[in-house]
Amino acid sequence: MYRILSKDMLSPAICRMRVYAPRVASSARPGQFLIVRVNEHGERIPLTISDYDVDEGSVTIVTQKIGASTREICALEVGEFLEDVVGPLGLPSDFVEKTDEELKDSRYIFIAGGVGTAPVYPQVKYLKSRGVHADVIIGAKTSDLLIYKEEMASVCDNLFICTDDGSEGFKGMVTGLLEKLVTEDGRKYTQAVAIGPMIMMKFATLTAKKLGLPITVSLNTLMVDGTGMCGACRVTVAGKTRFACVEGPEFNGYDVDFDEAMRRQGMYRKEEIEEDHKCKIR
Amino acid sequence: MANRIPRVPVREQAPKERAKNFDEVCYGYNEEEAVLEASRCLHCKNPKCVSACPVSVRIPEFIAAVAAGDFTRASSVIAEDSSLPAVCGRVCPQETQCEGSCILGVKSEPVAIGKLERFVADWTRSHGARKVVKAPANGFKVAVVGSGPAGLACAYDLAKAGYNVTVFEALHKPGGVLEYGIPEFRLPKEAVVAAEIGDVKAMGVRIETNVVVGRTVTVDSLLDKEGYSAVFIGSGAGLPRFMGIPGENLNGVFSANEFLTRNNLMDAYRDDYLTPVMHAKRVVVVGGGNVAMDAARTALRLGGEVTVVYRRTEVELPARREEVHHAKEEGIEFRMLANPVEIIGDENGWVKKIRCIRMELGEPDESGRRSPVPVPGSEFEIEADSVIMALGTSPNPLIARTTAGLETNRRGCIVADEDGVTTRPGVFAGGDAVTGAATVILAMGAGRKAAAAIDRYVKGKLR
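Residues numbered from 1 in each chain as written. Chains lettered and ligands numbered in written order. Predicted model: local features only at pLDDT ≥ 70, side-chain atom pairs only at ≥ 80, totals over all residues. Heavy atoms only, no water.

**Focus on the overall build of chain B**
Applicable threshold: In this description a helix means any DSSP run of H or I spanning at least four residues, a strand means any run of E spanning at least two, and both kinds are numbered starting from the N terminus. For this measure, only C-alpha atoms enter the radius of gyration; the expected value for a globule follows 2.2 Å times N^0.38, where N is the number of residues. For every residue, the accessible area obtained with a 1.4 Å probe (protein chains only) is divided by the maximum for its type, and the residue is called buried under 20%, exposed over 50%, and partly exposed between those limits. Note on definitions: a residue-residue contact is assigned when non-hydrogen atoms from the two residues lie within 4.5 Å.
Scanning chain B from N- to C-terminus turns up 18 helices and 16 strands. Relative to its length of 463 residues, chain B is compact, with a C-alpha radius of gyration of 23 Å against a globular reference of 23 Å. Its C-alpha atoms give chain B principal-axis dimensions of about 70 × 60 × 50 Å. The buried share of chain B, reckoned over its 463 residues, is 59%. Contacts in chain B between residues far apart in sequence, at least 24 positions, make up 69% of those at least 6 positions apart.

Dropping the structure here:
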């Protein structure tokens, strides 16, 4: 049982929780994720780690209500418990393994979409601690749905906002803003990192490719155990089947078969809709 | 003469009935049936069954106690050597072990040793009659990685010898393959698995779930920072194999591990659990082992018409004979001497059919089995909306990669000797992590041997 230490709603559909999980907190690195099971009847839900505090023994998770299990997570209050929290899972971001020498001329641009903004935060925070330049684009449909603005501003070099409807920042998609920053504003980057909906990562990769910019993406595939046991998370990367849970979640965007990944993500949509419906009746 | 009595048949749920539910197929013996069956044992002077048992249960001795109606004594005889008798009585391949070497089997049928073991274990449980003797605490801490058969057997023996044992389990429930792999209808989770794990805990073993060794903690941190004197790795063979044929990533293609984990560990077949599982109409299961049978019979119970595709013949099927028999009774179709070459999808990327090729048996390979070779031009198709791959598993590389000095072989298995001694001092290993996918009982045997070796290692270090 894992106690919820704090909770706040970042938007009507997105909640942030600090959870007491000392073993996870002491081993977590940027880029890794964890799996949460809300109660005995819940699914195992992979969630990104949005922050971790070794001293307090806590990890921060950000959950968007998209189905029955995620709604149940968001319904919990401070002092209540998550049944299971396991992690950290997956490999840390590759810059964690790099030396200061290797990193010193790097200039990162992060492209964060929706709830994917939360896991960008520990990566940027980590790079700041290593003295590496990192700019961040946060994109959302509309101003109300933007999350992690203040937190991100406190750790990144430049924060750029865009909304589809123009209610805040650049009007348009993250891809449009990325292109503008590089081609019109002449900003120089050596590496892009995109985290967000699969469709956003697909188009961010296409844009990065056009700009000649290497890009890393973090794949939020289906998972059950998260330890390489089930293969639900398999993705085709550079023509080979890889398990996102143990060989990822981060991959070179150029190599990812996004269309297959999106199709596989929807594998249980029918069952989930039925389940969700049952839950609302209950 | 005792051996004139025919083997006492065991009562089972009717095939038509059980094809629609997940309740246990086999009901087991009652007292009367068990005593009668036990009376068939010839009590050989040199009992071949004992040496054929990977944990050397003193079989004639416990059977004599059953025949005499002294079930409590039968239970304590088994408990000397086995920590999971209700499990073993249900899932051991008795036909190739104890029962396979029973002398009665030469002319008639062997004693139903498995069913008798199961009877004793179930009787003991329902009568609360389990008694164990435990050595006083010796103050040493041992960590066990994985709570499957190898880990539980090792932990039980060490705790019995006075060690302070903590088992680390990556999933949220202990049991390993007993929990995620073997279905409810073959091995009930609450009545059998949880109960036997309860006995291991009653011995004083602590089980910490949600700890992925290699990620959450490492073997090194357990030895260096958490004060464990030794570590036993019984992490199993959890990584599923795929065939590498076109179409394997289509929607509707699953590893047997995924399909079974959703159903067994996550209870997806039950309405009151949220984990989804595909209820396919036409299912093809590829493979011929116990896992293939489990996947096929689970898919059937979820409402599918199921075909098992296997590249050799029925004689070579590696599954327990009872499982194949049950699967056939339940209406599962077998296509022997066939091997998939491609899975074909519809316009939305869902499985539509599977293309196979006929095989014939060629020369025997190094394992002595005749290896199947494709018959050119004999391709055929089977309509299916789901394909489940049950082709075996290999060990997870996570622990070996994160433990300094721990050697693995080219199949990714941890290198360990008969006693579980690895290339890293203080680190022992056994079960599928060492052998590759094998059986529950072999893993238990390896766990027991390693427990004895750990005892020698820790005490040897004292001097």
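**Regarding the nonpolar core**
Threshold: Joining through side-chain atoms within 4.5 Å is the link that ties buried Ala, Val, Leu, Ile, Met, Phe, Trp, Tyr and Cys residues into a set, and such a set is a nonpolar core.
Among the nonpolar cores identified, the biggest contains 73 residues, and I59 and F62 of chain B are the most heavily contacted of them. Residues in contact with F62 of chain B, not counting those within four places in the same chain, are V57, A74, V77, I78, I113, L116, E117 and V120 of chain B. Among the nonpolar cores identified, the runner-up in size contains 43 residues, and M229 and Y268 of chain A together with A295 and A390 of chain B belong to it.

**Details of the sheet that holds strand β9 (residues 333–335) of chain B**
Residues and elements named next belong to chain B. Worth spelling out the cut-off: Being paired, for any two strands, means DSSP has found at least two bridges between them. Axis definition: a line fitted to C-alpha atoms, limited for helices to the stretch in contact. Angles are taken between N-to-C directions and run from 0 to 180 degrees.
The strand order β6-β14-β7-β8-β9 describes an open sheet built from 5 strands, whose pairing is parallel. Only two strands of the sheet have a single neighbouring strand rather than two, namely β6 (253–255) and β9. Going across the sheet, the axis of each strand differs from the next one's by a mean of 25°, ignoring polarity. Strand direction decides the pairing type here: β6 and strand β14 (residues 386–389), joined by 3 bridges, are parallel. Counted as the bridge partner of F254 is I388 from β14. Here helix α13 (residues 256–263) sits on the sheet and contacts β6 and β14; the angle it forms with β6, its principal contact strand, is near 80°.

**A few points about a nonpolar patch on the surface**
Residues and elements named next belong to chain A. For clarity, the cut-off: Residues forming no salt bridge and having over 30% relative accessible area are the ones grouped into patches, like charges within 9 Å of each other and nonpolar side chains (Val, Leu, Ile, Met, Phe, Trp, Tyr) within 5 Å. Per-residue and other accessible areas were derived by the Shrake-Rupley procedure at a 1.4 Å probe size, with only the shown protein chains allowed to occlude residues. Salt bridges, as used here, are contacts in which a Lys or Arg side-chain nitrogen is within 4 Å of a carboxyl oxygen on Asp or Glu.
Taken together, the side chains of I199, F203 and L206 present a nonpolar region at the surface, about 280 Å² in accessible area. Tracing the chain through its elements places I199 in helix α7 (residues 198–210). I199 sits in the partly exposed class, given a relative accessible area of 44%.

**Quick notes on the domain arrangement of chain A**
Residues and elements named next belong to chain A. To keep things clear, this is the line we draw: Start and end positions for the domains come from either an automated domain assignment or a database one. The term buried area means the drop in 1.4 Å probe accessible area that two parts suffer when joined, counted for both and summed. Only Asp, Glu, Lys and Arg are considered charged in this grouping, and only Ala, Val, Leu, Ile, Met, Phe, Trp, Tyr, Cys and Pro are considered nonpolar; every other residue, Gly among them, is considered polar.
Looking at the assigned domains, one finds that chain A contains domain 1 (2–89), domain 2 (94–214) and domain 3 (219–273). For domain 1 and domain 2, the distance between their C-alpha centres works out to 24 Å. Each partner contributes to the interface: domain 1 provides 15 residues, whereas domain 2 provides 15 residues. Of the roughly 1,200 Å² buried between domain 1 and domain 2 on both sides combined, carbon and sulfur atoms contribute 65%. Where domain 1 packs against domain 2, one counts 2 salt bridges. R16 is the partner of E151 in a salt bridge, and the nearest nitrogen-oxygen pair spans 2.7 Å. Among the secondary structure elements, those contributing two or more residues to the side of domain 1 that touches domain 2 are β1 (2–11), β2 (14–20), β4 (45–53) and β5 (58–64). Tallying contributions element by element places β4 first for the side of domain 1 that touches domain 2, with 5 residues. Residues that form the side of domain 1 that touches domain 2 fall into these classes: 6 nonpolar, 6 polar and 3 charged.

**A word on helix α4 (residues 117–129) of chain A**
One full turn of an α-helix is made of 3.6 residues, so residues set three or four places apart face in the same direction. Residues and elements named next belong to chain A. Rule in force here: Take the number of residues in a helix, subtract one, and multiply by 1.5 Å to get its expected span.
A rise of 1.5 Å per residue sets the reference length of α4, with its 13 residues, at 18 Å; its end C-alpha atoms lie 19 Å apart and thus fit the reference within 8%. With 10 of 13 residues buried, α4 lies mostly within the body of the structure. One or two steps after α4, the chain reaches G131, where phi turns positive at roughly 75°.

**Topic: the pairing of β5 of chain A**
Residue and element names in this part refer to chain A. Among the 7 residues that make up β5, 6 are buried, leaving the element largely enclosed by the rest of the structure. Sheet topology places β2 next to β5; 7 bridges connect them, and they run antiparallel. Looking at β5, one finds that V19 is bridged to V59. Across 4 bridges, β4 lies against β5 in antiparallel orientation. Along β5, the bridge assignment pairs Y52 with V59. Between β4 and β5, which pair antiparallel and follow one another directly, the connecting turn spans 4 residues, one of which, G57, has a positive phi of 75°.

**Here's the deal with the sheet that holds strand β3 (residues 206–208) of chain B**
All names here are of chain B. Overall, parallel pairing links the 5 strands, which are arranged β3-β2-β1-β4-β16 in an open sheet. Two strands bound the open sheet, and with one partner strand each, they are β3 and β16 (427–429). The sheet shows a mean angle of 20° between the axes of neighbouring strands, direction not considered.

**Concerning the environment of A194 of chain B**
All names here are of chain B. For A194, the location among the structural elements is in helix α11 (residues 189–202). We classify A194 as partly exposed; its relative accessible area is 34%. It is 8.8 Å that separates the C-alpha atoms of A194 and E179, two residues lying 15 residues apart in sequence.

**Focus: the confidence of the model for chain B**
Stated formally: Confidence scores labelled pLDDT are given residue by residue by the predictor and lie between 0 and 100.
When pLDDT is averaged across chain B, the result is 94; 98% of the residues are at 70 or more. Taken together, the chains of this predicted complex give a pTM of 0.94 and an interface ipTM of 0.93.

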